[in-house]
Number of protein chains: 2
Amino acid sequence: MVDGMKLRLKRIGIDTHRENVAFLARDDLTGRSLGLHPMDRVEISANARRLVAVLNIVEGNVLPVGAIGLSTEAFDKLGVADGSLVDVAPAEAPESLDLLHNKLAGQPLNSNDFERIVDDIVQGRYSKVELTAFVVSATINGLNNDETMWLTEAMIKDGDQLKFDSAIVADKHSIGGVPGNRTTPIITSIAAAAGLLIPKTSSRSVTSPAGTADTVETLMNVELQAERIYDIVKKENGCLAWGGAVNLAPADDMIIQIEHALNIDAQSLMISSILAKKKAAGATHVILDIPVGHGTKAETTEIGRSLKERFQNLGLRLGLNIRVLLTDGSQPIGNGIGPALEAMDVIKVLTNDPNAPMDLREKSLYLAGELLELTAKSIQGQGRSTAQQILASGKALEKFGRIRTLQGRHEIPALGSHTKDVLAERNGQLRTIDNRIVSRVAQLAGAPHNPGAGVYLAKHVNDVVDKGQLLLRIFAESDESLTFAARYWVENSRAAIVMS
Amino acid sequence: MVDGMKLRLKRIGIDTHRENVAFLARDDLTGRSLGLHPMDRVEISANARRLVAVLNIVEGNVLPVGAIGLSTEAFDKLGVADGSLVDVAPAEAPESLDLLHNKLAGQPLNSNDFERIVDDIVQGRYSKVELTAFVVSATINGLNNDETMWLTEAMIKDGDQLKFDSAIVADKHSIGGVPGNRTTPIITSIAAAAGLLIPKTSSRSVTSPAGTADTVETLMNVELQAERIYDIVKKENGCLAWGGAVNLAPADDMIIQIEHALNIDAQSLMISSILAKKKAAGATHVILDIPVGHGTKAETTEIGRSLKERFQNLGLRLGLNIRVLLTDGSQPIGNGIGPALEAMDVIKVLTNDPNAPMDLREKSLYLAGELLELTAKSIQGQGRSTAQQILASGKALEKFGRIRTLQGRHEIPALGSHTKDVLAERNGQLRTIDNRIVSRVAQLAGAPHNPGAGVYLAKHVNDVVDKGQLLLRIFAESDESLTFAARYWVENSRAAIVMS
């Protein structure tokens, strides 16, 4: 127990994005001669529980004198009742910051170094500034294959891990950047129907208009604890869960937040992030989809190939059977972009609806086929047709329905009632559709927080259109967000869709 | 005027350290379909005033639904009354972030690039994460001499500048890291008494136990606007002002905050920072003191020499007459560490008190002499003795007194009444005193926020002591901070003072 000063603990309802932040009134800082300064680290302790946080200074209207505030997550982590007396004392910076300095200076780190850094990150001991310095150092100075491996192992170790009693546990991952690329629920249904064990965990959106978990959540409950996952997978071979509920490789989420805020994608960090999640989820056989195209993480085939090689290298070292596929990422996939709109596409494919988007169907069958081959559920060269039979027969839909019922069925929410249509201004043929601009329009319209918001893309590249035909429709749940999205569209429409 | 949604503006009493932060209730984010997400940038506007801020999410007890909060500085910057209706709309990231990406990728930036980045930093358009990415990129990839020059010019341009009608405007700067190195008030008094124009602006502590402005503030008011500075300098040739009150090179302060939080010192950024401040303050002739020793910014003579060369290079290009001196930075200077304790040392030197710390007196005379020679107020080789005559004659004290009266006299506050003595545990000779540990003890005792807090260092390196003799005394203004400082001392005393 630290022998510090006694202050009264107050929960402050500010979400500081996993940084432990403590709040102290300015009058306490100066008037009570506490020997503390803004941005200092303090240790807060009570009942043998303790937490280190970065000190922010507030005024009397936010926090009374004699109190110490904690941001929401830090408060929950400490687990001491609001209003309790706690001990507050200065704390030194985590020792692993020295290792961060080494990385910053261009020196490679070892296995133990990464364990210490990751542990301090997960415990919230790094401030946002320090975490950013780690991410930028790793981006500029890079991580060699050994370092990437050690970071991955450290991230796996510092979270929970799912374990399945099977020699083959299947998984798939598509690298982001392509709006509407929602193959996961389809592939999972096909694979589970084929008898593969596929306990699928997916993420929510960080900056995209929808993560797989956001889309699936419009169809069923995705917040499953490990026991529920084990139970459902035992019954149906597969599930469609949100990975965040089972705390897999939590350091990764924090690193990704910083990367997205900076709009940077360090290859090493991305590879490490993806495979750490797969390994922690218990996967043994993994299909990895790398879409190549403008606005994706692999803008050129060359980058795609280099990524492929690094994924294979790390996968091998982690003991994963991994098949990496470069796919066409030059434009959005399917018609819907946004949780409910994407869910509708998924249902159309699963129900063999003649209006189902063929590109989404085709890509799902291709990836599912590769997964069946990788796991020897199909002989080489027969994977796609096996997958197609399972889909066409209705078995995939049936499997999906059972998983949906077990997880807890949701009905797809209504699409936003505030809409704006974008029509072709002249006759012509679509040449390019920009992934990033379409994503941004869907986000401004409210996706994924408003599940009925997004973009319905009526046309794809190479489609011939007549003047006045619908190109896309923006759906929003309020006039304000429709205005934001529509204004952004108008400012960027020339780059968004190029016609000849 | 942006055509966004209307929300009611609320000032939130949180000091976010120059990052513009907007707060929105979680219920507003999800319930009202605003199309905004945590960490998004929003533009807030009213009455033709506008500001871009990063969105943080809070709960209902912090901010009511229908309101938008702004952190204290951002609120002041916007300048719209609390409770006003404001327009809130999504804003895109500042365009200069593309340039930041270039620097991150190792590409050099040009003059215009630095202007745009510095402008966005000063306007608070960079989040802390983005500012950190800039600082870390500049640290790892470095800035070449051209880039350092352009960054410096951009920082000067983006703040206020003092202008004096004189061919010679003197200034001095000591690089930090040596506790008690408080030569500035002494040198300024000597130089002004010698007839030199020396409008001295100094900084407050960022992480040290006292900045020059903190120490001088215990003796006189230092918060002088430009007009006051011009007036006082006209009358007395010199002043001792806090630079922060005149907004010189404000980007620099924000960069320094990040560097200190990370405990990194990028040479280029430091050089740029120091000379931008000097140039913006109107200096033409500058003495630059680089203390060399453990715990300083120049740990070795080699680093000191490299710094010297870069300072001379940039100084020349900025049109400054600059003389760079490497000095002994191996241990603290003077007896006092902390605002009031340092002020007492300064007064002792100025009053020719026989108990004045000789090291502080000697270093001040040396630097003052160099300044007199650089500005041709003394012939070469005679600077130190000229300075000594001015000090010994009482003219420096007289000058100091007049400046003190004009700025507004303060009486030195009482030293903290909670003290702890550290005595020699055995007979011996002091071999080393660790700058960093002594600084940290003074900080934990409350310096500089509690001006009477700090450390009185009774002995220096090479002093012979008997068992039981006073080595140092810690002063604090409360029992709690004395406990923090004393505990840190006990944990680190072996490394802090090494005896033989």
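As the structure is a computational prediction, the values presented were derived from the model and not from experiment. (Residues numbered from 1 in each chain as written. Chains lettered and ligands numbered in written order. Predicted model: local features only at pLDDT ≥ 70, side-chain atom pairs only at ≥ 80, totals over all residues.)

Participant: Could you give an account of the sheet that holds strand E14 (residues 418–423) of chain A, naming the residues involved and the relevant values?
Facilitator: All names here are of chain A. Judged by pairing direction, the sheet is antiparallel, and its four strands sit side by side in the order E13-E16-E18-E14 without closing on themselves. Taken across any chain shown, the strands that pair with only one partner, and hence form the sheet edges, are strand E13 (336–337) and E14. In this fold helix H17 (residues 435–444) packs onto E13, strand E16 (454–457) and strand E18 (470–476), with an angle of close to 135 degrees to the strand it touches most, E16. Across the face of the sheet, helix H18 (residues 479–496) comes into contact with E14 and E18 while running at roughly 145 degrees to E18. (Pairing = 2+ DSSP bridges. Helix = DSSP H or I, 4+ residues; strand = E, 2+ residues; numbered from the N terminus. Contact = placed C-beta atoms within 7 Å. Axes fitted to C-alpha atoms, helices over the stretch in contact; angles between N-to-C directions.)

Participant: Please provide a residue-by-residue account of the sheet that holds strand E16 (residues 454–457) of chain B, values included.
Facilitator: All names here are of chain B. An order of E13-E16-E18-E14 is seen for the four strands of this open sheet, with the pairing classed as antiparallel. Of all strands in the sheet, those bounded by a partner on one side alone are strand E13 (336–337) and strand E14 (418–423). As judged from the four bridges shared by E16 and strand E18 (residues 470–476), these two strands associate in the antiparallel manner. In the strand pairing of E18, tyrosine 456 is matched with arginine 473.

Participant: Residue-level account of the relation of the copies chain B and chain A, with values.
Facilitator: Superposing chain B onto chain A requires a rotation of 180 degrees together with a translation of 0.0 Å along the rotation axis, leaving an RMSD of 0.0 Å. Here the two chains are linked by the operation of a two-fold rotation axis. (Least-squares fit on C-alpha atoms with pLDDT ≥ 70 in both.)

Participant: Quick one: what's the story with the interface of chain B and chain A, residue by residue and with numbers?
Facilitator: With 52 residues of chain B in contact, the opposing surface of chain A contributes 52 residues. Elements with a minimum of two residues in the side of chain B that touches chain A: strand E1 (5–12), strand E2 (14–15), helix H1 (26–31), strand E5 (49–58), strand E7 (85–90), helix H5 (128–141), helix H10 (250–262) and helix H18 (479–496) of chain B. In terms of residue count, the dominant contributor to the side of chain B that touches chain A is H5 of chain B (10 residues). For the side of chain B that touches chain A, the residue count by class is 26 nonpolar, 18 polar and eight charged. Summarising the sheet, strand E5 (residues 49–58) of chain A and E2 of chain B pair through two bridges and their orientation is antiparallel. Each residue of the ladder has a partner; that of isoleucine 57 of chain A, found in E2 of chain B, is aspartate 15 of chain B. (Nonpolar A, V, L, I, M, F, W, Y, C, P; charged D, E, K, R; others polar.)

Participant: Requested: an account of the pairing of strand E3 (residues 21–25) of chain A, with residues and values cited.
Facilitator: All names here are of chain A. Burial runs high along E3: five of the five residues are buried. Alternating residues of E3 divide into Val21, Phe23 and Ala25 and Ala22 and Leu24, and every residue in both groups is buried. Note that E3 and E5 share five bridges and pair parallel. Within E5, the position partnered with leucine 24 by the bridge is isoleucine 57. One ladder, built from three bridges, connects E3 with strand E6 (residues 67–71); its direction is antiparallel. Along E6, the bridge assignment pairs phenylalanine 23 with glycine 69. (Buried ≥ 20, exposed ≤ 12 C-beta atoms within 10 Å, placed from the backbone.)

Participant: Please set out the domain arrangement of chain A residue by residue, giving values where relevant.
Facilitator: Residue and element names in this part refer to chain A. Assigned domains within chain A: domain 1 (5–90), domain 2 (97–142), domain 3 (170–244 + 265–407) and domain 4 (418–499). The centre of domain 3, based on its C-alpha atoms, is set 26 Å off from the matching centre of domain 4. Contacts between the two partners involve 24 residues from domain 3, matched on the other side by 21 residues from domain 4. Elements with a contribution of two residues or more to the side of domain 3 that touches domain 4: E13 and helix H13 (339–350). (Domains from an automatic or database assignment.)

Participant: Give a detailed account of unusual backbone geometry, specifying residues and quantitative values.
Facilitator: All names here are of chain A. A cis geometry characterises the amide bond from alanine 447 onward to proline 448, with omega recorded as 0 degrees. Backbone geometry places asparagine 247, a non-glycine residue, at a positive phi of 55 degrees. Looking at the secondary structure, you find asparagine 247 in the loop between strand E10 (238–242) and helix H10 (250–262). Since 16 C-beta atoms lie within 10 Å of it, asparagine 247 is described here as partly exposed.

Participant: Can you break down the pairing of strand E15 (residues 428–433) of chain A residue by residue, with the values?
Facilitator: With two bridges joining them, E15 of chain A and strand E17 (residues 464–465) of chain A adopt antiparallel strand pairing. Looking across to E17 of chain A, one finds that glycine 428 of chain A is bridged to valine 465 of chain A.

Participant: Hey, could you go over the packing of helix H7 (residues 184–193) of chain B against helix H13 (residues 339–350) of chain B for me, with residue numbers and the actual values?
Facilitator: All names here are of chain B. Direction vectors running N to C along H7 and H13 enclose 30 degrees, while the axes themselves pass 9 Å from each other. Two packed elements cross with a definite hand, and for H7 against H13 that hand is right-handed. Taken together, the residues of H13 that come into contact with H7 (itself represented by Pro185, Ile186 and Ser189) are Val346, Val349 and Leu350. Among the residues forming the contact of H7 with H13, the class breakdown is five nonpolar, one polar and no charged. (Left-handed = near helix turned anticlockwise from the far one by under 90°.)

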